[in-house]
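Chain residues, written in single-letter form:
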Amino acid sequence: MVAAPDRNASAAATAAPIDPPPADPPLVPALATMMAVQAVISMAVFAPGVVAPRIGLDPSTLGLFSTVVFAVAALAAPKSGAMVARLGPMGVVAACCLATALAMLAASAGSLAGLLVAGALIGFAFGPETPASTTLLGRLTPPARRSFVFSVRQTGNQIGAAIGSVALPALVAIVEPRLGYGLVAVLAGAVAVLCWRMAPRYDRTVAATGASARMPLADLFRSRPLGTLALASAAFGAMQLGLNTFFVSHAVTGLGHPHVAAGIALGVAQIAGLVGRLGWGAAVGWVGTPRGVIAGLGIGMSVAAATLALAGPALPFWALVLLAALFGTTASGWNGLFVAEMARLAPPGRVAETTGAVLTVTYLGLLAGPGLVAATAAVGGLGLSFLVLAGVSMLGTLALIAGGRP
């Protein structure tokens, strides 16, 4: 007896094959774009300081500009989750680049009001950019490669700072000073257009993450690993700002080195920071987790700052350069690993708002750092300031270690 054919099986056999879900878009173009975004925002932060001597901006005005940048960044970072949910990560970084371009146009007015508006716009770009890019790159990168990929991404800051330090002074000196602002505006606008063109393909990869509006700081500190990571980042951020802002002054006034020599030493620190961001990302594979490497960097920057504080005018130039290299590779090399650890610890689907909450604490450290240095320098000079920063970074390191224990 022959069985009757199964009509359902026949229908299934003749039906058109189901298309597989689309593959994720490639990582490398997204990584290169996020590096470009970081570079133009970094150039925008540098631009007023480069233009200042040519248009008569005094140090107090520049300090006010920096305060506005980080204050607005601290307010904007917690909103990152809602922005990513609405615009997508590429849409958010495109908006950040547009804000940067508008900031440069405002700064080119040459007035205090224009500079403060520029600071607010750059702060808006500074706050959500990292959470948005972390969300996208975290989705595209295998967990085993995240530390290295995020470390590569963080080199965008150093690249932007290097371009700003070389190209902008030459442009300002040779042509109209405010054309430095114009160059950054054009670059930021071009990167914004690139991000908008890439958005339809890349933003669908995180369309279903369900990002919520924000992560309250109370929720952040209910997680010991995340809370201690945030506290450590505030301490390390203050240290990094101290290195970039006050190293040359202390090398000249406290250690007796010529201004040019002190600048060369700081340049070595910046190069070491760039190399360190790449090297430490690769080192995670040997240590096991980003947290362990970050703790080691915290110890290294504390030792470097304390040594710089206790050294006297007898410190030779070669020793200053070696100390700057240690300082740079630690105090400027931790950022990529920090972002990778945030992505690793974030609850599923909440990378943007987790990163925004942690960065809020980071930016508070950046805001407090200059005040701490000013207060201690008034009592005992910049040597005391670096000694206090060494103590603060060591406390952050101890918190980081404690937060990683079961």
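Residues numbered from 1 in each chain as written. Predicted model: local features only at pLDDT ≥ 70, side-chain atom pairs only at ≥ 80, totals over all residues. Heavy atoms only, no water.

**Q** Any chance you could explain the overall build of the protein here in plain terms?
**A** Along the backbone of the protein there are 15 helices and zero strands. Relative to its 406 residues, the protein shows a buried fraction of 52%. Counted over contacts in the protein with a minimum sequence separation of 6, partners at least 24 positions apart contribute 85%. Per element, the accessible surface of the protein, about 17,100 Å² overall, is 72% carbon and sulfur. (Helix = DSSP H or I, 4+ residues; strand = E, 2+ residues; numbered from the N terminus. Buried < 20%, exposed > 50% of the residue type's maximum accessible area, 1.4 Å probe, protein only. Contact = heavy atoms within 4.5 Å. Areas by Shrake-Rupley, 256 points an atom, 1.4 Å probe, with all protein chains shown as cover.)

**Q** Before we go on, may I ask you to explain the packing of helix 10 (residues 224-253) against helix 15 (residues 351-403) in this structure?
**A** Helix-helix packing is characterised by the crossing angle of the two axes and by the distance between the axes. Where helix 10 contacts helix 15, the two axes come as close as 4 Å, and the packing angle between them is 35°. Among the residues forming the contact of helix 10 with helix 15, the class breakdown is 28 nonpolar, 15 polar and one charged. (Axes fitted to C-alpha atoms, helices over the stretch in contact; angles between N-to-C directions. Nonpolar A, V, L, I, M, F, W, Y, C, P; charged D, E, K, R; others polar.)

**Q** What is the right way to read the nonpolar core from this model?
**A** Looking at soluble globular proteins, one finds that nonpolar side chains tend to be buried together. In this structure, Met90, Met104, Phe247, Phe327 and Phe338 are the most contacted members of the largest nonpolar core, which totals 113 residues. It is helix 10 that provides the largest number of residues to this core, a total of 14 residues. Residue contacts for Phe247: discarding those within four places in its chain leaves Gly242, Ala262, Ala265, Leu266, Leu308, Leu320, Ala324, Phe327 and Phe386. (Core = buried A, V, L, I, M, F, W, Y, C linked by side-chain atoms within 4.5 Å.)

**Q** How do you make sense of the pattern of salt bridges when you look at a structure like this?
**A** Opposite charge on two side chains makes pairing possible when the charged atoms of those side chains draw close. This structure, assessed with the given rule, holds four salt bridges. For the salt bridge of Glu129 with Arg153, the shortest nitrogen-to-oxygen distance reads 2.9 Å. Residue Glu129 is found in helix 6 (residues 112-140), and its partner Arg153 is found in helix 7 (residues 146-174); the two are separated by 24 residues along the sequence. Taking relative accessible area as the criterion, Arg153 reaches 0% and is therefore assigned buried. The partner of Arg350 in a salt bridge is Glu353, and the shortest N-O contact between them spans 3.1 Å. A relative accessible area of 25% places Arg350 in the partly exposed class. Among the residues examined, Glu353 registers a relative accessible area of 1% and is labelled buried. (Salt bridge = Lys/Arg side-chain N within 4 Å of Asp/Glu carboxyl O.)

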